[in-house]
Amino acid sequence: MRLAGWISSAQGLTGVGVAVALAIRAAVGHREETVVISGYGTAVWFAILGGGLLAAGVGLLRGRRWGRGLVVIAELLLLFVAWYVAVGSHQYLAGVALAVVCVVALVSLFRRDAIEWY
């Protein structure tokens, strides 16, 4: 459970970091001509998802059971992101790395001792 807590905390912190970077980028005037959603909207999206995943990871590290379900859902969704990164964007190394991290987190969440703890 602790391994999944550390992984999801790092992923959530990355999401919050991306949100901050997108907000700063939008604040200095960067605009995408092909994207309908503003940089602020994307920043809010990343802040909500990243913050939720960070909270769930910290919850797991503190021994709270409520974080487990959130982390399972997030890791399953991130597996689809890994597929898109590898196959859709042809960034094979990044996609495979993300998939491996997600699988490690999921395996640690579904180990026998983790299920007994839950």
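You'll find the structure just up there.
Procedures and definitions
- Residues numbered from 1 in each chain as written.
- Predicted model: local features only at pLDDT ≥ 70, side-chain atom pairs only at ≥ 80, totals over all residues.
- Heavy atoms only, no water.
- Core = buried A, V, L, I, M, F, W, Y, C linked by side-chain atoms within 4.5 Å.
- Buried < 20%, exposed > 50% of the residue type's maximum accessible area, 1.4 Å probe, protein only.
- Helix = DSSP H or I, 4+ residues; strand = E, 2+ residues; numbered from the N terminus.
- Contact = heavy atoms within 4.5 Å.
- 1 Å grid on protein atoms, 1.4 Å probe; cavity = no way out; pocket = protein on both sides within 12 Å on 5 of 7 lines; lining within 4 Å.
- Points joined across faces, edges and corners; volume = space filled by probe spheres on them.
- Expected span 1.5 Å × (residues − 1).

## A closer look at the nonpolar core
Reasoning step 1: Core analysis: the largest hydrophobic core is formed by eleven residues, namely Met-1, Ala-4, Leu-53, Ala-56, Leu-60, Val-71, Val-72, Ala-74, Leu-106, Leu-109 and Ala-114.
Reasoning step 2: Mapped onto this core, the elements with two or more residues apiece are α2 (39-61), α3 (66-88) and α4 (92-109).
Reasoning step 3: The contacts of Leu-60, once residues within four sequence positions are left out, are Met-1, Ala-4, Gly-5, Gly-67, Arg-68, Val-71, Leu-109 and Trp-117.

## Some details on the side chain of Gln-11
Reasoning step 1: In this structure, Gln-11 sits in helix α1 (residues 2-27).
Reasoning step 2: The contact partners of Gln-11, leaving out residues within four places of it in the chain, are Leu-53, Glu-75, Leu-78, Leu-98, Val-101 and Cys-102.

## Quick word on unusual backbone geometry
Reasoning step 1: We note that His-90 has phi near 60°; this positive angle belongs to a residue other than glycine.
Reasoning step 2: On the secondary structure map, His-90 appears in the loop between α3 and α4.

## Things to note about the layout of surface pockets
Reasoning step 1: In this model, the largest pocket occupies a volume close to 600 Å³.
Reasoning step 2: Lining of the largest pocket is provided by 18 residues; of these, Gln-11, Leu-49, Gly-50, Leu-53 and Leu-78 occupy positions nearest its centre.
Reasoning step 3: Those elements that provide at least two residues to the lining of the largest pocket are α1, α2 and α3.

## Focus on α3
Reasoning step 1: In a regular helix each residue adds 1.5 Å, so 23 residues correspond to 33 Å; α3 covers 33 Å between its end C-alpha atoms and thus fits that length.
Reasoning step 2: Where the residues of α3 are buried, they touch α1, α2, α4 and α5 (112-117).
Reasoning step 3: His-90, located one to two residues past α3, shows a positive phi value of around 60°.

Function-wise, these values are silent; they only describe arrangement.
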